[in-house]
Amino acid sequence: MLDPKPSTTPTATATSTEPAARPGLPGDPAAPAPSPGGRRPVAAAFRALAALTGVTGIVLDTIASHDLGRLFSYFTIQSNILLALVFAWSAHRAWTGRPALAPRITGAALLYICITGLVFHFVLSNDSSGFAMTSHRTPLETAASQLLHTATPLAAVLDWLVLTAPGALLLRHAWQWLAYPFLYLPFALIRGAFLAPGTDGRYPYPFLDVDLQGYAGIATNTVVFGLAFYVLALALVLLDRIRPHLRGPRNRMPSTGSGPLDD
């Protein structure tokens, strides 16, 4: 409440015409809101292009596919959807000058798309791996595969190295990120259990194929791949600690933001 008795002290009279300080209120001349660093057009454009690359690959795969249920059961498609959403969101924030997304979110998208690229090139396309999925592809399928398995992983890594400030990823992120890959396992197995034996694409990948590996083999593969994914997550965190700044601050995304999306 206002004091009904006006103060007659010199100090009060001298300061009565000054605006009241209200810390934390945006736009208040007495307490201006901190600047998020300004618009970052280069980061925004690159992220928008990367998101468009992922969406294009998914659209091409959708056109070429005769079984959308099978198509969207692939980790490749799911990880690219996630990456496209994160990149589009990040592009918007960079274009409008808002802080970057939390490192836990961007790091997760980076890890999942790296898993997609590495597993495809070193396991699924490698005849000596024992889990190869080499087959004849139409030109449309080949284009989609290159976009989803090569272009988007490279774009994510380049974005991380050049347009994201280092030192933001934490060791606890490494095991938190594994939640999705491990949840993908029961999803793939339950989906396969509901399909008739012999159904084409009953299990999305040979290392998750119960008919070929048995449940004991699936358990072994889960441990091996799970450890590999954890090592990859740790490597990303550790490399993030030692990698240098490769760009000036104008277009590089800040490593942390403000608000509920912060880590």
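From a predicted model like this one, the values you see are computed outputs, not experimental measurements.

Novice: How should the overall build of the protein chain be read in this particular structure?
Specialist: Looking only at helices and strands, the protein chain has 9 helices and 0 strands in total. Tracing the protein chain from N to C terminus, the helices and strands come up as α-α-α-α-α-α-α-α-α. Burial status across the protein chain gives 41% buried among its 263 residues. Long-range pairs, those at least 24 residues apart, make up 76% of the contacts in the protein chain between residues at least 6 apart in sequence.

Novice: Quick question: what am I supposed to make of the confidence of the model for the protein chain here?
Specialist: Scored by pLDDT, the protein chain has a mean of 85; 79% of the residues are at 70 or more. For the protein chain, per-element mean pLDDT is lowest for helix α1 (residues 10-15), which scores 41, and highest for helix α4 (residues 75-95), which scores 98. Residue range residues 1-36 is modelled with pLDDT below 50. Its contacts to residues more than four positions away, or to other chains, number 16 contacts. Segment residues 253-263 is flagged for pLDDT under 50; beyond a separation of four residues in sequence, or across chains, it makes 35 contacts in the model.

Novice: Honestly, the packing of aromatic side chains in this entry has me stumped. Any pointers?
Specialist: Geometry of an aromatic ring pair is reported as the spacing of the ring centres plus the angle between the planes. Evaluation of the coordinates by the stated rule reveals 11 aromatic pairs. Ring centres 5.5 Å apart and planes at 85 degrees place the aromatic pair F75 and Y184 in the edge-to-face group. Of this pair, F75 sits in helix α4 while Y184 sits in helix α8 (residues 179-194), placing them 109 residues apart in sequence. Note on Y184: relative accessible area 6%, which makes it buried. Ring centres 6.3 Å apart and planes at 55 degrees place the aromatic pair F131 and F225 in the tilted group. Taken as a pair, F131 in the loop between α5 (103-124) and α6 (139-163) and F225 in helix α9 (residues 210-242) lie far apart in primary sequence, 94 residues in all. Grouping residues by exposure puts F131 and F225 together as buried.

Novice: Looking at this model, I keep getting lost on the pattern of salt bridges. Mind explaining?
Specialist: If charged atoms from side chains of opposite charge come close, those side chains can pair. Within this structure, the stated rule accounts for 4 salt bridges. Linking D159 and R47 is a salt bridge whose minimum nitrogen-to-oxygen distance equals 2.9 Å. In this pair, D159 sits in helix α6 while R47 sits in helix α2 (residues 41-64), placing the two residues 112 residues apart along the sequence. Given the relative accessible area of 4%, R47 is considered buried. Here D200 makes a salt bridge to R70, at a shortest N to O gap of 3.0 Å. Here R70 lies in helix α3 (residues 68-71) and D200 lies in the loop between α8 and α9, a separation of 130 residues in the sequence.

Novice: Would you mind going over α2 with me for this structure?
Specialist: At 3.6 residues per turn, the α-helix brings residues three or four places apart onto the same side. With 24 residues, α2 should reach 34 Å at 1.5 Å per residue; the first-to-last C-alpha distance of 34 Å fits that figure. Among the residues making up α2, those that are buried are A43, A44, R47, A50, A51, T53, G54, G57, I58, L60, D61 and A64. The secondary structure elements touched by the buried residues of α2 are α3, α4 and α6.

Novice: Explain a nonpolar patch on the surface here, please?
Specialist: A grouping of V55, V59, I63 and L140 is seen on the molecular surface, where their side chains present a nonpolar patch of about 310 Å² in accessible area. In terms of residues, the nonpolar patch owes the most to one element, α2, which gives 3 residues. Relative to the helices and strands, V59 resides in helix α2.

Novice: How do you make sense of the packing of α5 against α6 when you look at a structure like this?
Specialist: Helix-helix packing is described using two parameters, namely the angle between the two axes and the distance between the axes. The geometry of α5 relative to α6 is characterised by a closest axis approach of 9 Å and an angle of 135 degrees between their N-to-C directions. On the basis of their axis angle, the class for α5 and α6 is oblique. Handedness of the crossing formed by α5 with α6: left-handed. Contacts from L110, I113, C114, T116, G117, F120 and H121 in α5 reach S145, L148, H149, T150, T152, P153, A156, V157 and W160 in α6. Split into classes, the residues belonging to the contact of α5 with α6 amount to 9 nonpolar, 7 polar and no charged.

Novice: In this structure, what is going on with the environment of A174? I would like to understand it.
Specialist: In this fold, A174 is placed in helix α7 (residues 171-176). A C-alpha to C-alpha distance of 4.9 Å links A174 and A233, two positions 59 residues apart in sequence. With residues near it in sequence (within four places) discarded, A174 still touches Y230, A233, L234 and V237.

Cut-off values and rules
Residues numbered from 1 in each chain as written. Predicted model: local features only at pLDDT ≥ 70, side-chain atom pairs only at ≥ 80, totals over all residues. Heavy atoms only, no water. Helix = DSSP H or I, 4+ residues; strand = E, 2+ residues; numbered from the N terminus. Buried < 20%, exposed > 50% of the residue type's maximum accessible area, 1.4 Å probe, protein only. Contact = heavy atoms within 4.5 Å. pLDDT = per-residue confidence, 0-100. Phe/Tyr/Trp six-rings, centres within 6.5 Å; stacked < 30°, edge-to-face > 60°. Salt bridge = Lys/Arg side-chain N within 4 Å of Asp/Glu carboxyl O. Expected span 1.5 Å × (residues − 1). Patch = residues over 30% accessible without salt bridge, like charges linked within 9 Å, V, L, I, M, F, W, Y side chains within 5 Å. Areas by Shrake-Rupley, 256 points an atom, 1.4 Å probe, with all protein chains shown as cover. Axes fitted to C-alpha atoms, helices over the stretch in contact; angles between N-to-C directions. Parallel < 35°, antiparallel > 145°, perpendicular 65-115°, else oblique. Left-handed = near helix turned anticlockwise from the far one by under 90°. Nonpolar A, V, L, I, M, F, W, Y, C, P; charged D, E, K, R; others polar.

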